[in-house]
Amino acid sequence: MATRLVQINMKAQDDSALGRFWAEALGWGVDSEGPGVTNLEPVGFSYPDPVAVCIDIVARPEPKTVKNRVHLDLATTSTAHQTELVARLKDLGATLADVGQGDVPWTVMADPEGNEFCVLEPRPVYRDTGPVAAVVVDCADPREMARFWGRATDWTVHEVTDGQATLRSAQGVGPYLEFVRTPDAKSVWNRVHLDVRPYPGDVLEAEANRLRALGATDPGIDQSAISWTVLADPEGNEFCLLTPA
């Protein structure tokens, strides 16, 4: 039994408008499974496939109040490409953001609803990831997060230090999942979170129990009206365990 990271879930006050921004930013297609939900994935993509981690944008009225603990890093192929991408994203409605990064070679930005993301300088490690280099999660203990997520999913752990842990699909394709040590403590329900999905033939409740045995907890919300299971990792980051597929 195992899961794999299939998408990130992002809350938005206007899911359609934010969906259009990210579709343009990544060069992806836009779909919708219903009112208030905008789905983004590469054109011609066959879900689920580790070559990409998709984005589901879900309408919620609550405004963003704190820095997100989950964000995207976008890949570039050259310094010129980085400059061009930053300029194009500004034209689409993104702004420069200051999260205390100081003088760094990457560019920190915010989308039209204030969700932070980074446009990285060219790095060889991300040359084959596609437009999204990594899904990045702030944490207090990268080693513990690598332990949990390395066992929760069938992704391969590539690097673990006191400051950062890195995982990637066992097939060696798609973006990385990175846990970066930060001093900020989690204070509110995450506006952006991970969605993982078991494989066909697995049983949802059995997989949920396996994750609980690894250290996942129940966030204490009413889940009677949903077909998936909401859990939290050892640092309290909510994530959704979707139905097997």
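Residues numbered from 1 in each chain as written. Predicted model: local features only at pLDDT ≥ 70, side-chain atom pairs only at ≥ 80, totals over all residues. Heavy atoms only, no water.

Asker: Give a detailed account of the packing of aromatic side chains, specifying residues and quantitative values.
Answerer: Under the criterion given, the structure shown has 8 aromatic pairs. With centroids separated by 6.4 Å and ring planes inclined at 55°, the aromatic side chains of Phe 21 and Phe 117 adopt a geometry described as tilted. With Phe 21 in helix H1 (residues 15-26) and Phe 117 in strand S8 (residues 116-119), this pair connects stretches of sequence that are 96 residues apart. Like Phe 117, Phe 21 is buried. One aromatic cluster is present, built from ring pairs that chain together Phe 148, Trp 149, Phe 179 and Phe 239. Just above the ring of Tyr 199 sits the side chain of Arg 4; from NZ or CZ to the centre is 4.0 Å. (Phe/Tyr/Trp six-rings, centres within 6.5 Å; stacked < 30°, edge-to-face > 60°. Helix = DSSP H or I, 4+ residues; strand = E, 2+ residues; numbered from the N terminus. Buried < 20%, exposed > 50% of the residue type's maximum accessible area, 1.4 Å probe, protein only. Lys NZ or Arg CZ within 6 Å of the ring centre and 35° of its normal.)

Asker: Explain the side chain of Asp 15 residue by residue, including any values.
Answerer: The topology assignment puts Asp 15 in helix H1. Arg 20 provides the closest opposite charge to the buried, salt-bridge-free Asp 15, at an N-O distance of 8.3 Å. A distance of 3.4 Å separates a polar atom in the side chain of Asp 15 from the backbone nitrogen of Val 37. Within the structure, the side chain of Asp 15 is placed 2.7 Å from the side chain of Thr 38, a separation counted as a polar contact. (Lys, Arg positive; Asp, Glu negative; His and termini not counted. Salt bridge = Lys/Arg side-chain N within 4 Å of Asp/Glu carboxyl O. Polar contact = N/O pair within 3.5 Å; in protein donor to acceptor, adjacent residues only side chain to side chain.)

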